[in-house]
Amino acid sequence: MPLEDVDPVRQRGQRVNDKVSGTPQPGGPGDPRLQGTPAPDGSRTEAMAEGWEPGPALGDRDVTAEGAPQQAGQELGQRDEALMTELSGLVQKVVKSSSWWERHGVDISILTCSFLLLPAGFLCLRSAQTIPFLAGVLTLGVVHHTLTVKGSHLASHNALTESKSWGKVWAIFFIELCSAFTAEQATYNHVKIHHGYTNVIGLGDSSTWKLPFLNRYVYMFIAPLAVPIITPLVALNLLRHVEWKAALRTLCCMFLGLYCHYWLLLHVSGFQSPWSTLLCMLLTRSLLAHPYIHVNIFQHIGLPMFAADRKPKRIHLMSLGVLNLPRNALLDWSFGHSLISCHVEHHLFPGLSDNMCLKVKPIISQYLKQKKLPYNEDTYTSRLRLFLRRYEELMVHAPPITELVGIQ
């Protein structure tokens, strides 16, 4: 279980660091507007907890803005590591005392139930009546997102099983067969980059979700409908970066997954034409695309952003740059707790399953608040209003770099 901070792409981070450091940005390091204020919003986000005061910028290189002794930075870094170690011990105690059902069984059962609902969904689409037909669309849409979002996310972190071999199998199944994406690139970009460099400019800053040429309403409400089309196209482009054997496997899995969906709609649901079949595929695969896009930007963009050479230690990086949304029955089932109400917990301990993130949530939230560390929470509607109001600042322009403040 990955409980410690890792730095898998140091060379790449250095390259981006040079790029960021050499480009003046409004609101960057030294901007007094950002001293002690974590996020450019007026929501209820608590990006800086009580007890934080403006102080010298301290990063992984242990330097200060005013040339203070390096020992001060080292002491702060040691304190941060001690906090993370203490919190890891508390979480590990809960994990070790939990049963297999709590660690993996609950989430596997949700995915299994989703598979069992597939026949009902396809059969409902045979009906000429409106209500059964819509019930089929809803069923297939929820099942699709449960398998492609929840299943793929857990598989990418090897949180479905404690076996690495089976973890690889599940990653290929959920990411390539169900989601029409490439497992290697999905795991690398999400686990190594996004989690390793959460909210670090040029690495894990969620910039892949930004389309600055679109206006706010098109991006927030129309563009998500194209996610089922864009996903396999992006995957095909990323295949240039993997070995030919993995690329061939991905192509076969992607084709098999898409063709099975198409074939079942034709021969089980009784669609008469290819176009109506493709339209139904698009409808079911984009049913929850709006909250999928929204969640991915709500929980990181608008929170503190850091340069690669001035990012804080792990416990502060995750508590500053990650936000939890309230529990929601539909999204909890389809996306999983780790993407909705336990996103902070997930970023601190990404190897935990959704159910375990929910179980350790009270411990982590209490610990962060006790240590006067940020614990960000906000509602879906509040974040939606924020992004519509400040779309240009958050999604179009380059995000400002936050000046890291010290713990007093």
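Residues numbered from 1 in each chain as written. Predicted model: local features only at pLDDT ≥ 70, side-chain atom pairs only at ≥ 80, totals over all residues. Heavy atoms only, no water.

The name an unreviewed UniProt entry assigns to the chain is FADS6 desaturase, from the organism Psophia crepitans.

### Structural notes on helix α15 (residues 354–370)
Residues that lie three or four places apart on an α-helix share one face, since the helix turns once every 3.6 residues. Helix length check: α15, at 17 residues, gives a terminal C-alpha distance of 24 Å against a target of 24 Å (1.5 Å per residue), a fit within 8%. Valine 360 marks the point of greatest bend in α15, at about 45°, and the proline proline 362 comes within the next four residues. By the burial criterion, the buried members of α15 are Asp354, Asn355, Met356, Cys357, Val360, Lys361, Ile364, Ser365, Tyr367 and Leu368. Positive backbone phi, at 60°, marks lysine 372, one or two positions downstream of α15. (Helix = DSSP H or I, 4+ residues; strand = E, 2+ residues; numbered from the N terminus. Expected span 1.5 Å × (residues − 1). Bend = angle between axes of the 7 residues up to and from the residue. Buried < 20%, exposed > 50% of the residue type's maximum accessible area, 1.4 Å probe, protein only.)

### Describing the side chain of histidine 153
Mapped onto the fold, histidine 153 is located in helix α4 (residues 130–156). Engagement of the side chain of histidine 153 in a polar contact is seen with the side chain of histidine 346, the distance being 3.0 Å. Other than its neighbours up to four places away in sequence, histidine 153 contacts His190, Ser338, Leu339 and His346. (Polar contact = N/O pair within 3.5 Å; in protein donor to acceptor, adjacent residues only side chain to side chain. Contact = heavy atoms within 4.5 Å.)

### Regarding the packing of aromatic side chains
The tally for this structure, following the rule as stated, stands at 12 aromatic pairs. Between tryptophan 209 and tyrosine 292, the aromatic rings sit 5.6 Å apart at their centres with planes inclined by 80°, giving edge-to-face as the arrangement. Residue tryptophan 209 is located in the loop between α6 (183–195) and α7 (216–222), and its partner tyrosine 292 is located in helix α11 (residues 289–298); the two are separated by 83 residues in the primary sequence. Taking the relative accessible area as the measure of exposure, tryptophan 209 reaches 22% and is therefore partly exposed. Residue classification places tyrosine 292 among the partly exposed residues on the basis of a relative accessible area of 24%. Taking the centre distance of 6.2 Å and the plane angle of 75° together, the rings of tyrosine 292 and phenylalanine 335 count as edge-to-face. Taken as a pair, tyrosine 292 in helix α11 and phenylalanine 335 in the loop between α13 (329–334) and α14 (343–348) lie far apart in primary sequence, 43 residues in all. For phenylalanine 335, a relative accessible area of 1% corresponds to the buried category. Counting every residue linked through ring pairs, the aromatic cluster contains Phe115, Trp166, Trp170, Phe173 and Phe174. (Phe/Tyr/Trp six-rings, centres within 6.5 Å; stacked < 30°, edge-to-face > 60°.)

### Some points on the pattern of salt bridges
Per the stated rule, a full pass over the model turns up 10 salt bridges. In this structure, the salt-bridge partner of lysine 150 is aspartate 354, at a minimum N-O distance of 2.6 Å. Residue lysine 150 is found in helix α4, and its partner aspartate 354 is found in helix α15; the two are separated by 204 residues along the sequence. Taking the relative accessible area as the measure of exposure, lysine 150 reaches 1% and is therefore buried. Taken together, the salt bridges that share partners define one network made up of Lys168, Glu176, Glu184 and Arg249. (Salt bridge = Lys/Arg side-chain N within 4 Å of Asp/Glu carboxyl O.)

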